[in-house]
Amino acid sequence: MTTPTTETTEVTAALAPAAVVPAASRKRRPRAAGWLAVVPLLAFVAIAFGIPALAMLNGAFTVKDQTTGATSYTAANMTDSVQGAYLTALLGSVKLSAVSAAVAAVLGLPLAQAVVTSRFRALREAVLTASGVLANFGGVPLAFAFVATLGNSGVLTRHLGLADQGWNLYSFSGLTLVYLYFLIPLMVLTITPALDGLRTQWREAAQNNGATGIQYWRHVALPVLAPSLLGGVVLLFGSAFAAYATAAAMVGSSVPLVTLQIADALSGNVLVGQENVALALSLDMVLIAGLVMAVYLPLQRRSARWLA
């Protein structure tokens, strides 16, 4: 057994501090640099989202006396926002968002699976690119396209005689069909990464044990994809729940929606001085969106553990 020489010991003692100190400093510097890089983003979020949120929160609990102009804090606006026509509109938005999100998820999953399993790379890229475009195509142009195609005097309505069969685009079912136009592509974009995460070894193992394709999807694929599927449905729900321009341009007030009620209250189309009630309705939407995100984030983390 050899013993270290005096020269070796001195060299080691001289180099040890130099090796330890820079490593510690290198760990501190990236953290400090990372926080400094985040400061502009935090400042932007505080200005762009924080100030409007505080203004909305203050207005939702404020009532202004039309005679004296004095303001006072009360919960009357929040109470009014969950009563009468406002409650009907809120429930209508929830119903429309839930139905359209569920249908889009059912239709989007097999479409995404067909894209993932396709041997043609060009087809996959084309579908994903088109989905990215269509998922953000909404508002007045989308409403005009459907009115010109399936409206009362639309091209397909006249050629197929849909009006004689009771078809009405300006109804709950018609608005659901319009929402599917951008929700199905959004579902394809959302679920495609999860489908890519399904390992081929799982299917091969299931086949080696005598499982059919249906049994593989029922006992292996769908349980693994369940968090991603539920997360996609929640994301679709939030997107449909916040949509405004398409419904405003197409159905107006024929379908009660909370976003349309907020616009009417802010503009005074129904009653004058209901601006703070509109802010209370906006706060209701924020609370529902918060519940949606509270469901979505844990599902996203759980699916990431399986499909990483």
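Scroll up for the structure.
In short, a report on the structure. (Residues numbered from 1 in each chain as written. Predicted model: local features only at pLDDT ≥ 70, side-chain atom pairs only at ≥ 80, totals over all residues. Heavy atoms only, no water.)

Considering the overall build of the chain
Across its full length, the chain holds 12 helices and 2 strands. Along the chain, helices (α) and strands (β) appear in the sequence α-β-β-α-α-α-α-α-α-α-α-α-α-α when read from the amino end. When the 308 residues of the chain are sorted by exposure, 32% land in the buried category. Considering only intrachain contacts with a sequence separation of at least 6, the fraction spanning at least 24 residues in the chain is 69%. When the accessible area of the chain is evaluated, it comes to approximately 18,500 Å², of which 67% is carbon and sulfur surface. (Helix = DSSP H or I, 4+ residues; strand = E, 2+ residues; numbered from the N terminus. Buried < 20%, exposed > 50% of the residue type's maximum accessible area, 1.4 Å probe, protein only. Contact = heavy atoms within 4.5 Å. Areas by Shrake-Rupley, 256 points an atom, 1.4 Å probe, with all protein chains shown as cover.)

Details of the packing of helix H8 (residues 200–208) against helix H9 (residues 213–242)
Where H8 contacts H9, the axes come no closer than 10 Å and their chain directions differ by 160°. By the criterion of interaxial angle, the relationship of H8 to H9 is roughly antiparallel. Here the hand of the crossing between H8 and H9 comes out right-handed. Across the interface between the two elements, Trp202, Arg203 and Ala206 of H8 pack against Tyr216, Trp217, Val220 and Val224 of H9. In terms of residue class, the contact of H8 with H9 is made up of 6 nonpolar, no polar and 1 charged. (Axes fitted to C-alpha atoms, helices over the stretch in contact; angles between N-to-C directions. Parallel < 35°, antiparallel > 145°, perpendicular 65-115°, else oblique. Left-handed = near helix turned anticlockwise from the far one by under 90°. Nonpolar A, V, L, I, M, F, W, Y, C, P; charged D, E, K, R; others polar.)

Observations concerning the packing of aromatic side chains
Tallying each qualifying case throughout the model produces 5 aromatic pairs. Look at Tyr216 and Trp217: their rings are 5.9 Å apart centre to centre, the planes differ by 75°, and that puts the pair in the edge-to-face class. Looking at Tyr216, the relative accessible area reads 4%, which means it is buried. Aromatic side chains Phe237 and Phe241 sit 5.8 Å apart centroid to centroid with 10° between the ring planes, which places their arrangement in the stacked category. Of the two residues, Phe237 and Phe241 both sit in helix H9, 4 residues apart, roughly one turn of that helix. Neither residue differs from the other here; Phe237 and Phe241 are each classed as buried. Among the aromatic residues, those joined into a ring-pair cluster are Phe137, Phe146 and Tyr181. Its guanidinium or amino end placed over the ring of Phe172, Lys95 lies 5.0 Å from that ring's centre, counting from NZ or CZ. (Phe/Tyr/Trp six-rings, centres within 6.5 Å; stacked < 30°, edge-to-face > 60°. Lys NZ or Arg CZ within 6 Å of the ring centre and 35° of its normal.)

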